[in-house]
Amino acid sequence: MQQVAKREEIFPRDPNKTYSLMAIVEGDSFQVERGPDDTLQSWPHLMVRELLLFLLVFIVIVGVSLVFNAPLEEPANALHSTNPAKAPWYFVGIQELVSYSAFLGGIVAPAVIVLSLLFLPYLDRNPKGTGVWFSPDRKIATLLFTVFVIAMIILILIGQFVRGPNWGLYWPWA
Amino acid sequence: MSEAAYSLKESIRQLPRNIKESVSRRGAGTPDQERAAAIFGNIFLHLHPVRVHVNSLRLSYTFGLGLISFFLFLILVASGVLLMFYYTPSTQLAYRNMKDLEYVVSYGVVLRNAHRWSAHAMVAFAFLHMCRVFYTGSYKAPREFNWVIGVCLLLVTLLLSFTGYLLPWDQLAFWAITVGSNIAAYMPWIGEKVRFLMLGGNEVGQMALLRFYVLHVALLPVITVILVAVHFWRIRKDGGLSRPLND
Ligand code: HEM
């Protein structure tokens, strides 16, 4: 009851007020280490993990760089085109589409992709299933997105590996 | 306080502590207060929340994909600045600089490799991170705008990678950018103009190399840094990473 006395001393009850001090909790902070919310201090719990992940990424990149050399071909020559001339791998899927239709594949498709991505969160607003991988509440969204991802990957694989001179079909071993 | 506390002798005795406190802006407190201050008292770390939910620390929730993209960006900035010491954006010199990196500069080839492989990896990891965010439904309110910023980050990452692709000035670079800029020219009405603006001419040449260089080392990195800062700050403001509703 020392608590109550202390409470009254800090914040005396006033019948004219609708609010009052409910309790005084002793401790370092109002959530001592693992609070009711299941939260932890960022320092050290998060920061140490981040540091370890950084070291891992750094080591992998240095390791790969010691073993594999970045490509460097002949000096640029505007008179001798390479055949086929390929865009960087992340655009080679678009290039594949361009080979079917320049306007639809090169302009419309990328524009549709970027605009759909930008507007996605404003069109799919149902909060159900947030915070869970492949939530059963979002089967259709998951399916549509997976189709998109797989289509991108297939286009990139085709453009990168089975297109040879004049953008003709060529098997990688041919 | 007494005058004695300001005496030279006392100042020298307190020097290490005073310097440390003036840098870290931190006085002594309870352990939890000090840990909290370690985050919010630091301009770089204060983009973090002081406390994080245990779900955000689960590796199998994020797979650290966003963080990996960010770390790759840091490696790219560091290795890129070093590469700038050896690179000239001139059609006469660029290719020779590449050869010098390979044969003359100590560890030059490792430096160039690290920059190149991190660049490819950053595109891939930003894309994978987007997939993670999608499959966990993390773009739902209140995180809609952070998703939009993320899409901008992905586009800027692609542009950074694309502009960097031209700089070695070899056949691979030249023809890849020729193909890429020709795609832009398919735009109705403005296509040709867009390509002209991009290349500073009708074909890939000295003007194009200079434009891509300036975009690559100055403009786009600055835009990326700003977007990343907003992205991280928004994560905190949006209540940390997403997690199941009833958790
Ligand atoms: C350069 C690229 C990017 C960087 C460096 C980056 C960095 C990060 C980091 C570090 C996080 C914290 C969680 C995690 O590590 O997964 C995060 C979360 C997030 N990112 Fe990114 N990101 C990038 C691109 C993107 C893209 C392309 C999107 C989506 C189109 C996106 C949307 C989001 C969203 C919505 C969150 C909050 C996720 C949640 O609350 O669970 N970001 N980002």
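The coordinates are above.
Residues numbered from 1 in each chain as written. Chains lettered and ligands numbered in written order. Predicted model: local features only at pLDDT ≥ 70, side-chain atom pairs only at ≥ 80, totals over all residues. Heavy atoms only, no water.

Undergrad: Could you give me a rundown of the overall build of chain B, with the residues and numbers involved?
TA: The helix and strand tally for chain B stands at twelve helices and one strand. Starting at the N terminus, the α and β elements of chain B follow one another as α-α-α-β-α-α-α-α-α-α-α-α-α. Here the C-alpha radius of gyration of chain B, 24 Å, is well above what a compact globule of 247 residues would show, namely 18 Å. In terms of overall dimensions, chain B has a C-alpha envelope of 75 × 55 × 30 Å along the principal axes. By residue count, 49% of the 247 residues in chain B fall in the buried class. Of the charged side chains in chain B, 23 are positive and 13 negative; the average position of the first set lies 4 Å away from that of the second. (Helix = DSSP H or I, 4+ residues; strand = E, 2+ residues; numbered from the N terminus. Rg over C-alpha atoms; globule rule 2.2 N^0.38 Å. Buried < 20%, exposed > 50% of the residue type's maximum accessible area, 1.4 Å probe, protein only. Lys, Arg positive; Asp, Glu negative; His and termini not counted. Charge placed at Lys NZ, Arg CZ, Asp CG, Glu CD.)

Undergrad: Tell me about the overall build of chain A, and please be specific about residues and values.
TA: In terms of helices and strands, chain A carries five helices and one strand. Secondary structure elements of chain A occur, N-terminal to C-terminal, as α-β-α-α-α-α. The C-alpha radius of gyration computed for chain A amounts to 30 Å, which surpasses the reference 16 Å derived for 174 residues by more than 25%, pointing to a less compact arrangement than a globule. Projected onto the principal axes, the alpha-carbon positions of chain A cover approximately 90 × 45 × 30 Å. Out of the 174 residues belonging to chain A, those deemed buried represent 29%.

Undergrad: I'd like a description of the packing of helix H2 (residues 42–67) of chain A against helix H3 (residues 31–40) of chain B, backed by residues and values.
TA: It is the contact of H2 of chain A with H3 of chain B, at a shortest axis distance of 9 Å, that shows an interaxial angle of 50°. On the basis of the axis angle, H2 of chain A is oblique to H3 of chain B. Each of Ser42, Trp43, Pro44 and Met47 of chain A in H2 of chain A lies in contact with H3 of chain B, whose residues at this interface are Arg35, Ala38 and Ile39 of chain B. When its residues are assigned to classes, the contact of H2 of chain A with H3 of chain B shows five nonpolar, one polar and one charged. (Axes fitted to C-alpha atoms, helices over the stretch in contact; angles between N-to-C directions. Parallel < 35°, antiparallel > 145°, perpendicular 65-115°, else oblique. Contact = heavy atoms within 4.5 Å. Nonpolar A, V, L, I, M, F, W, Y, C, P; charged D, E, K, R; others polar.)

Undergrad: Run through the side chain of Asn113 of chain B, naming residues and quoting values.
TA: Mapped onto the fold, Asn113 of chain B is located in helix H8 (residues 108–135). By relative accessible area, which is 1% here, Asn113 of chain B ends up buried. Filtering out sequence-adjacent residues up to four positions away, Asn113 of chain B remains in contact with Ser65, Phe68, Asn69 and Ala70 of chain A.

Undergrad: Can you explain H2 of chain A? Please cite residues and give values.
TA: Over its 26 residues, H2 of chain A runs 36 Å from end to end, which matches the ideal 38 Å to within 8%, given 1.5 Å per residue. Among all positions of H2 of chain A, only Ser42, Leu46, Met47, Glu50, Leu53, Val57, Ile61 and Ser65 of chain A are buried. On its buried face, H2 of chain A sits against strand S1 (39–41) of chain A together with H3, strand S1 (51–53), helix H4 (54–57), helix H6 (65–84) and H8 of chain B. (Expected span 1.5 Å × (residues − 1).)

Undergrad: Now, about the site of the ligand: what can you tell me, with residues and values included?
TA: Residues and elements named next belong to chain B. Neighbouring residues of the ligand: 24 residues in total, closest His129, Arg132, Gly150, His231 and Ser242. Between Gly66 and the ligand, the recorded distance is 3.5 Å, taken from a backbone N or O atom to an oxygen atom. Between Ser242 and the ligand, the recorded distance is 2.8 Å, taken from a side-chain N or O atom to an oxygen atom. Put simply, the parts of the chain that give the shell around the ligand at least two residues each are H6, H8, helix H9 (144–166) and helix H12 (206–237). Examining the composition of the shell around the ligand, we find that seven residues originate from one element, H9, more than from any other. (Near = heavy atom within 4 Å. Polar contact = N/O pair within 3.5 Å; in protein donor to acceptor, adjacent residues only side chain to side chain.)

Undergrad: With reference to specific residues and values, describe the coordination of the iron atom of the ligand.
TA: All names here are of chain B. Distances from the iron atom of the ligand to its protein donors, His129 (NE2) and His231 (NE2), fall within 2.0 to 2.1 Å. For the iron atom of the ligand, the six donor atoms in the first shell make angles of 85 to 179° at the metal, so the coordination geometry reads as octahedral. Of this pair, His129 sits in helix H8 while His231 sits in helix H12; the two residues are 102 residues apart in sequence, bridging distant segments of the chain. Just as His129 is buried, His231 falls in that class too. (Donors = N, O, S within 2.8 Å, 3.2 Å for Na, K, Ca; no water. Tetrahedral: all angles 85-135°; square planar, octahedral: opposite > 155°, others 65-115°.)

Undergrad: Before we move on, can you summarise a nonpolar patch on the surface with the specific residues and values?
TA: Residue and element names in this part refer to chain A. Judged by side-chain polarity, Trp43, Val48, Leu52, Leu55, Phe58, Ile59, Val62, Leu66, Val67 and Phe68 come together as a nonpolar surface patch covering roughly 980 Å² of accessible area. Relative to the assigned elements, Phe68 resides in the loop between H2 and helix H3 (89–100). With a relative accessible area of 52%, Phe68 lands in the exposed category. (Patch = residues over 30% accessible without salt bridge, like charges linked within 9 Å, V, L, I, M, F, W, Y side chains within 5 Å. Areas by Shrake-Rupley, 256 points an atom, 1.4 Å probe, with all protein chains shown as cover. Salt bridge = Lys/Arg side-chain N within 4 Å of Asp/Glu carboxyl O.)

Undergrad: I'd like to hear about the interface of chain B and chain A, residue by residue, with values.
TA: Facing 79 residues of chain B, the contacting portion of chain A comprises 80 residues. With both sides pooled, the region where chain B packs onto chain A buries about 7,500 Å², and carbon together with sulfur makes up 69% of that total. Sorting the residues of chain B by area buried against chain A places Arg51, Tyr135 and Gln171 of chain B first, and these three jointly supply 11% of that buried surface. At the boundary of chain B with chain A, the tally comes to two salt bridges. The partner of Arg125 of chain A in a salt bridge is Glu144 of chain B, and the shortest N-O contact between them spans 3.0 Å. Between chain B and chain A we count 36 residue pairs in polar contact (both at pLDDT 80 or more) in total. (Buried area = accessible area lost by both parts, 1.4 Å probe.)

Undergrad: Go over the packing of aromatic side chains, please, and point to the residues and values.
TA: By the definition in use, this model includes 20 aromatic pairs over all chains. Pairing Phe54 of chain A with Phe71 of chain B gives two aromatic rings, centres 5.2 Å apart and planes at 80°, and the pair type is edge-to-face. With one member in each of two chains, Phe54 of chain A in helix H2 and Phe71 of chain B in helix H6 form a pair that bridges those chains. Residue class for Phe71 of chain B comes out buried when judged on its relative accessible area of 6%. (Phe/Tyr/Trp six-rings, centres within 6.5 Å; stacked < 30°, edge-to-face > 60°.)

Undergrad: Describe the pattern of salt bridges, listing the residues and the values that go with them.
TA: Applying the stated criterion across every chain, the model contains nine salt bridges over all chains. Between Arg138 of chain A and Asp124 of chain A there is a salt bridge; the shortest N-O distance is 3.8 Å. In this pair, Arg138 of chain A sits in the loop between helix H4 (102–123) and helix H5 (139–161) while Asp124 of chain A sits in the loop between H4 and H5, placing the two residues 14 residues apart along the sequence. Among the ionic pairs, Glu192 of chain B bridges to Arg195 of chain B, the shortest N-O distance being 3.2 Å. One end of the pair, Glu192 of chain B, and the other, Arg195 of chain B, are both in helix H11 (residues 191–199), three residues apart, so they sit about a helical turn from each other.

Read these as geometric descriptors, not functional statements.
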